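# Observations on the model geometry
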Amino acid sequence: MALIAAAVHGGPAEADSEGVKTVTILGSTGSIGCSTLDLIGRERSRFDLVALTAHRNVKMLIEQAREHRPHLAVVADPACYAELKAGLSGTGIETAAGPEAVAAAAALPADWVMAAIVGAAGLAPTLAAVKRGTCVALANKECLVSAGPLFLDEVSRSGTTLLPVDSEHNAIFQVLDANRLESVEQIVLTASGGPFRTWSLEEMARATPAQAVAHPRWDMGAKISVDSATLMNKGLELIEAHYLFPVGEERLDVVIHPESIVHSMVAYIDGSVLAQLGMPDMRTPIAHALAWPRRMSTPSARLDLAQIGQLTFEAPDLKRFPALALAREALRIGGGAPTVLNAANEVTVAAFLAGRIGFPDIVAITDTVLEHAEALGAPPAGLADVYELDRIARIRAEEMVQRCGC
Ligand code: NDP
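Residues numbered from 1 in each chain as written. Predicted model: local features only at pLDDT ≥ 70, side-chain atom pairs only at ≥ 80, totals over all residues. Heavy atoms only, no water.

## A closer look at the sheet that holds strand β6 (residues 135-138)
What counts here: Two strands pair if DSSP finds at least two bridges between them. Only DSSP runs of H or I covering at least 4 residues are called helices, and only runs of E covering at least 2 are called strands; the numbering of each starts at the N terminus. Throughout, an axis means a line fitted to C-alpha atoms (over the contacting stretch in the case of helices), and angles, computed between N-to-C directions, take values from 0 to 180 degrees.
As summarised here, the arrangement of the seven strands in space is β4-β3-β2-β1-β5-β6-β7, forming an open sheet in which the pairing is parallel. If you trace the sheet from one side to the other, it starts and ends with β4 (94-97) and β7 (161-164), each paired once. Neighbour-to-neighbour, the strand axes of this sheet turn through a mean angle of 20 degrees, independent of strand direction. Alignment of strand β2 (residues 47-54) against strand β3 (residues 72-75), held across four bridges, turns out to be parallel.

Quick look at the structure:
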């Protein structure tokens, strides 16, 4: 319970101030980053942008910086620096490059930091923001999956306010009575089921990257879209929920809800079930985190239940979508298993997107790497161990990708 208060709710007094909010966006050129900037752009006078960061999409970063005027713009890839510098010359906006510069940007004083870098690459910068003891809106679930207990230790130590942005976790945050976790019977994460929800195993064996990223409900980056197609995204979210809302793994459940209107639910011991509903638009949970503990208006389409008519739910099919069971297994094994799961999944998803392996190979290889997780190293005692385990698991997954390459 103390963990929830410190880690998720944080310090309301600081976050409640009504002045101009200083903001940094890590991963501003991605899907979450763009949605965050869209909201900020609509109420520009309320926000002062400290830094925007990207990996290699310099063109978009230059456009964003010219429009939104942060004090600093950073690219993680040093090879992109000359283009960034030239593109922002004469604007007065400072520029920098390299992974260390991204982490340094994250550590600059800011009231609110959006952690929206994809993958474990977001761990170091997100931790840099956390260590400064600020308000961190967490979209980057992989950093929590990869280094959960150590990450939360840092959150507690620094007094950081951690606000969940993932729509399911944001929904739970909105309806969970965090001071009475003993009254929670179950937390139910909803899942759209992804683009292959009704596909047979044979059809999925032939799935292309273009089909996998064509999500029926959400417009997201490529990696999370593939994770949604395998249901690994829900598995990663299960682990994320386990760390954010410590009710016990056995009280976390998943239900498929193709319309993506109910974003998650909390069932209490008296039979009450509280859910958060809304149209599938990430600007709603982002706005919740951006304005927290207040609310701000968004341009998201409004929910019209009469027009939608019907909401449907079904149990996940673990035979066609084994990733969900795999993630739960990693959670049960504990130690370094979630780190290994996440690293192997990142490698295999990238290999699938590059046309190097087939769709079923993503989870099959991740499963094999996880099976040997204990042989890869002892449970991480510190962050250096997490990085080392992540590195070794990536090597192991890459070896397997090369062996099964198509
Ligand atoms: P995108 O792929 O759209 O964007 C990722 C961002 O991270 C980009 O700005 C990218 O820069 C940057 N980036 C990528 N690699 C690195 C790196 N090595 N170093 C520094 N920056 C890097 O992802 P999404 O916005 O879809 O997702 C971001 C995170 O939010 C993920 O963890 C995802 O799981 C989570 N999330 C996303 C949701 C969504 O609706 N999209 C919903 C819930 C959670 P560049 O553009 O230059 O490549």
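## Overview of the side chain of Ser-183
Test applied: Residues count as neighbours in contact if any of their non-hydrogen atoms are within 4.5 Å of one another.
With respect to the helices and strands, Ser-183 occurs in the loop between α9 (167-175) and β8 (184-191). Sequence-distant contacts of Ser-183, defined by excluding residues within four places in its chain, comprise Ala-267, Tyr-268 and Ile-269.

## What about the side chain of Thr-366?
Inspection of the secondary structure assignment puts Thr-366 in helix α18 (residues 359-371). Here Thr-366 is in contact with Met-232, Leu-326, Leu-341, Ala-344, Asn-345, Thr-348 and Asp-361, once residues within four sequence places are set aside.

## A short note on the site of the ligand
The line we're drawing: Near residues are defined by distance, with any heavy atom within 4 Å of the molecule or strand qualifying the residue. Residues adjacent in sequence count toward polar contacts only when both atoms are side-chain atoms; beyond that, a polar contact is any pair of N or O atoms within 3.5 Å, and within protein one must be able to donate a hydrogen and the other to accept it. A 1.4 Å probe and the Shrake-Rupley method give the accessible areas. Residues count as covered only by the protein chains that appear here. The nonpolar class holds Ala, Val, Leu, Ile, Met, Phe, Trp, Tyr, Cys and Pro. Asp, Glu, Lys and Arg form the charged class, and all remaining residues, Gly among them, are polar.
In the region of the ligand, 24 residues are neighbours, and Thr-29, His-55, Arg-56, Asn-57 and Glu-142 sit closest. One nitrogen or oxygen atom from the main chain of Arg-56 is found 2.7 Å from an oxygen atom belonging to the ligand. The separation between an oxygen atom of the ligand and a polar side-chain atom of Glu-142 is 2.6 Å. Isolated, the ligand exposes 890 Å² of accessible area, and the fraction of that covered by the protein chains is 86%. Every element with two or more residues in the shell around the ligand is listed here: α3 (31-42) and α8 (141-158). Per-class residue counts for the shell around the ligand are eleven nonpolar, nine polar and four charged.

## Examining the nonpolar core
Convention followed: We define the nonpolar core as a collection of buried residues of types Ala, Val, Leu, Ile, Met, Phe, Trp, Tyr and Cys that are connected through side-chain atoms lying within 4.5 Å of one another. When accessible area is computed with a 1.4 Å probe and restricted to protein chains, residues below 20% of their type maximum are described as buried, those above 50% as exposed, and intermediate ones as partly exposed.
By size, the foremost hydrophobic cluster in this structure holds 90 residues, and its most contacted members are Phe-151, Leu-176, Ile-187, Leu-341, Phe-359 and Val-369. A per-element tally of this core places helix α17 (residues 337-353) first, with nine residues. Each residue touching Leu-341, except ones within four places of it in the same chain, is listed here: Met-232, Leu-236, Ile-239, Leu-326, Ala-327, Ala-330, Thr-366 and Leu-370. Counting 39 residues, the second-largest nonpolar core is a separate cluster that includes Leu-39, Cys-80, Ala-137 and Met-296.

## Re helix α14 (residues 283-291)
In terms of burial, α14 is largely enclosed, as eight of its nine residues are buried. Along α14, the residues that are buried comprise Arg-283, Pro-285, Ile-286, Ala-287, His-288, Ala-289, Leu-290 and Ala-291.

## With respect to the packing of aromatic side chains
Heads up, the condition is: Any pair of Phe, Tyr and Trp rings, taking the six-membered ring for Trp, is counted once the centres come within 6.5 Å. Such a pair is stacked with planes under 30 degrees apart, edge-to-face with planes over 60 apart, and tilted for the rest.
Counted by the stated rule, this structure contains four aromatic pairs. Judged by centre distance (6.2 Å) and plane angle (40 degrees), the ring pair of Phe-173 and Trp-292 falls under tilted. In this pair, Phe-173 is assigned in helix α9 and Trp-292 in the loop between α14 and α15 (305-308), connecting sequence segments 119 residues apart. For the residue pair Phe-173 and Trp-292, the accessibility class agrees, reading buried in each case.

## Let's talk about the pattern of salt bridges
Under the convention used in this document: Throughout this description, the term salt bridge denotes a Lys or Arg side-chain nitrogen within 4 Å of a carboxyl oxygen of Asp or Glu.
Applying the stated criterion across every chain yields a total of 23 salt bridges. Close ionic contact of Glu-237 with Lys-234 constitutes a salt bridge, the shortest N to O distance being 2.6 Å. You can see Glu-237 and its partner Lys-234 sitting in helix α13 (residues 232-244), three residues apart, about one turn around the helix. As far as the burial class goes, Glu-237 and Lys-234 line up, both buried. One continuous salt-bridge network, built from bridges that share partners, spans Lys-141, Asp-166, Glu-168, Lys-234 and Glu-237.

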